[in-house]
Amino acid sequence: PDVIVPHSRPRSMQSTGECRWGIMGCGLISSDFCHALERTQGAKVAAVAARSLSKAQEFASKHKIPQAFGSYEELAAFDGVDVVYVGTIHPSHYECARLLLSHGKNVLCEKPMSMNEAETAALVALAKAQGVFLMEGMWTRFFPAVVEALELIKAQRIGDLVEVIADFGFASKVSAQSRLYNLDLGGGGLLDIGIYVLASAAFVWGPEPSDVRAMGWLEPTGADSCGVIGLKYGPTAAAPSQPRIASLTYSMRTATREWTVYQGTKGKISLWPTHCPVELHLEVDGEEPQVRHFPLEEPASFNFSNSRGFVYEATRVQELLRAGQTECPEWPLSTSVGIARLLDTIRAQIGVVYPRHDGLIFRARALFNSWPLASKWVGAMALLFALALSRSRRSA
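All of the points below concern the structure found in this document. (Residues numbered from 1 in each chain as written. Predicted model: local features only at pLDDT ≥ 70, side-chain atom pairs only at ≥ 80, totals over all residues. Heavy atoms only, no water.)

## A short note on helix H7 (residues 189-205)
The periodicity of an α-helix, 3.6 residues per turn, causes residues three or four places apart in sequence to face the same way.
And then number 1: Spanning 17 residues, H7 covers 23 Å between terminal C-alpha atoms, matching the ideal 24 Å at 1.5 Å per step.
And then number 2: Within H7, 16 of the 17 residues are buried, which leaves the element mostly enclosed by the surrounding structure.
And then number 3: Backbone geometry just after H7 places Gly206 at a positive phi near 90°. (Helix = DSSP H or I, 4+ residues; strand = E, 2+ residues; numbered from the N terminus. Expected span 1.5 Å × (residues − 1). Buried < 20%, exposed > 50% of the residue type's maximum accessible area, 1.4 Å probe, protein only.)

Listed below in structure tokens is the structure:
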């Protein structure tokens, strides 16, 4: 059970006040987030924590952070921060976020929020019980290109939206030592980058399609390196006969073009690149195509492309904290739970199991889905026979 530390309700930050950030985890993504905070108005990094004091001190020296802790518990108990960014590897997201929430801390947790729906739902329930802010770090949603695209779609500039097409892929070497392919470290393409293409559809239609079909390629480590996902969304009251489908792909074995395309009845909107777009292409039937650029400064200090875009996400979090909000309307907690449920569904179809996080029921689902069709029929009949036999014995 969670140990809940009594605390006063988090104060609403003053509109002109400085937002004091804590950083949990000292990896490359946390480094990029700190560099982005240096460029975020009203932000100050006040503390950092790692599992070893020397690593935290090294990170603090690099980023000029005044306080370094050699344990996550120390940061959770520290009163000198307004919000904590969790930038650890995702198998530890749940424990880290739970620790912080239990101590009454506001939390921005990198995506995915956790390894499965049960963990995500537990974090959401804890945040609501504590009355603190919690948000999954889906930074893509706050890029100006995405914001404008969603406004154009809402304004019907491309007519009724019919299809979302998105891809995200990069080339990597398959290795059991690599975080990308090690299940104990959260390896697998779906949770690492597939979540971005799912978000592209969720931005417009939400995280709960009526039908999900997925195929993936499992490496010898058990991690998925690439996959294809088809989503079908049910009809709406306003357009009961209008189709709504999403065609999504991800890969860690090859670099893809990384485009997201919103295809409507009167045109289309294309965003590049999918996970951190800086270009928007608008093509409306009967009009000249338009290209809009949203350039980002790319200093050598950043480890990943367009990481300066973390400024958009951090700025929005600070706005919400100053307003006393406990979740983000653009990416609400219900969406995070829905995305986690969708990831579980896809993992079960592909056959990706995380032994340290998934229970017996999920493992049975994944095993069943991995069988050929004929074997599934045999397995289903055997299960029905076993249930019938058990009932007959009880009645006897």
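Let us keep going from here.
## Observations concerning unusual backbone geometry
And then number 1: The linkage connecting Lys111 with the following residue, Pro112, adopts the cis geometry, with an omega of -15°.
And then number 2: Inspection of the secondary structure assignment puts Pro112 in the loop between strand S5 (107-110) and helix H5 (117-130).
And then number 3: A cis geometry characterises the amide bond from Trp272 onward to Pro273, with omega recorded as -15°.
And then number 4: In this structure, Pro273 sits in the loop between strand S12 (267-272) and strand S13 (279-284).
And then number 5: Even without a glycine there, the phi angle at Lys64 is positive, about 55°.
And then number 6: Residue class for Lys64 comes out exposed when judged on its relative accessible area of 72%.

## Section: a nonpolar patch on the surface
And then number 1: Judged by side-chain polarity, Leu367, Phe368 and Trp371 come together as a nonpolar surface patch covering roughly 260 Å² of accessible area.
And then number 2: The exposure class assigned to Phe368 is partly exposed, which follows from its relative accessible area of 32%. (Patch = residues over 30% accessible without salt bridge, like charges linked within 9 Å, V, L, I, M, F, W, Y side chains within 5 Å. Areas by Shrake-Rupley, 256 points an atom, 1.4 Å probe, with all protein chains shown as cover. Salt bridge = Lys/Arg side-chain N within 4 Å of Asp/Glu carboxyl O.)

## A word on the packing of helix H9 (residues 333-350) against helix H10 (residues 360-370)
And then number 1: Where H9 meets H10, the closest approach of the two axes is 6 Å, and the angle between their N-to-C directions is 45°. Between H9 and H10, the crossing angle belongs to the class labelled oblique. In contact with Asp344, Thr345, Arg347, Ala348 and Gln349 of H9, H10 contributes Phe362, Arg365, Ala366 and Asn369.
And then number 2: Taken together, the residues of the contact of H9 with H10 break down into 3 nonpolar, 3 polar and 3 charged. (Axes fitted to C-alpha atoms, helices over the stretch in contact; angles between N-to-C directions. Parallel < 35°, antiparallel > 145°, perpendicular 65-115°, else oblique. Contact = heavy atoms within 4.5 Å. Nonpolar A, V, L, I, M, F, W, Y, C, P; charged D, E, K, R; others polar.)

## So, the sheet that holds strand S8 (residues 211-218)
And then number 1: Spatially, S8-S9-S10-S7-S11-S12-S13-S14 is the arrangement adopted by the 8 strands of the open sheet, whose pairing is mixed. With one partner strand each, in any of the chains shown, S8 and strand S14 (290-293) form the two edges of the open sheet. Shown here is a sheet whose adjacent strand axes are inclined to one another by a mean of 10°, direction ignored.
And then number 2: The pairing of S12 with S13 spans 6 bridges and is antiparallel. Looking across to S13, one finds that Leu271 is bridged to Leu280.
And then number 3: Helix-sheet contacts for H7 involve strand S7 (161-169), strand S9 (224-232), strand S10 (245-251) and strand S11 (260-264), and the interaxial angle to S7 is about 160°. (Pairing = 2+ DSSP bridges.)

## Describing the state of the cysteines
And then number 1: For the structure shown, the criterion picks out 0 disulfides.
And then number 2: Free cysteine: Cys34, not disulfide-bonded; nearest cysteine sulfur from Cys26 at 8.3 Å. (Disulfide = S-S within 2.5 Å.)

## Some points on the packing of helix H1 (residues 28-37) against helix H8 (residues 310-322)
And then number 1: Taken N-terminus to C-terminus, the directions of H1 and H8 make an angle of 70°; their axes are 9 Å apart at the nearest point. The orientation of H1 relative to H8 falls into the category roughly perpendicular. The element H1 and its partner H8 pack so that their crossing is right-handed. For the pair formed by H1 and H8, the contact residues are Ile29, Asp32, Phe33, Ala36 and Leu37 on the first element and Phe310, Val311, Glu313 and Ala314 on the second.
And then number 2: When grouped by side-chain class, the residues that make up the contact of H1 with H8 number 7 nonpolar, no polar and 2 charged. (Left-handed = near helix turned anticlockwise from the far one by under 90°.)

## As for the packing of aromatic side chains
And then number 1: What the rule picks out here adds up to 10 aromatic pairs.
And then number 2: With a centroid separation of 5.4 Å and 70° between ring planes, the pair formed by Trp21 and Phe33 is classed as edge-to-face. With Trp21 in strand S1 (residues 19-24) and Phe33 in helix H1, the pair connects residues that are 12 residues apart, well separated along the chain. Each member of the pair, Trp21 together with Phe33, is buried. (Phe/Tyr/Trp six-rings, centres within 6.5 Å; stacked < 30°, edge-to-face > 60°.)

## Section: the sheet that holds S1
And then number 1: Spatially, 6 strands are ordered S3-S2-S1-S4-S5-S6 in an open sheet, and the strand pairing comes out parallel. Here the strands that pair on one side only, and so sit at the sheet edges, are strand S3 (67-69) and strand S6 (134-137). Strand-to-strand twist across the sheet, computed as the mean angle between neighbouring axes with direction ignored, equals 25°.
And then number 2: In this structure, S1 lies alongside strand S2 (residues 43-49), joined through 6 bridges in parallel fashion.

## Quick notes on the pairing of S11
And then number 1: For S11, the buried fraction is high: 4 of the 5 residues fall into the buried class.
And then number 2: By the bridge criterion, 4 bridges tie S11 to S12 in an arrangement that is antiparallel. In the strand pairing of S12, Thr260 is matched with Leu271.
And then number 3: The hairpin turn running from S11 into S12, its antiparallel successor, is 2 residues long.

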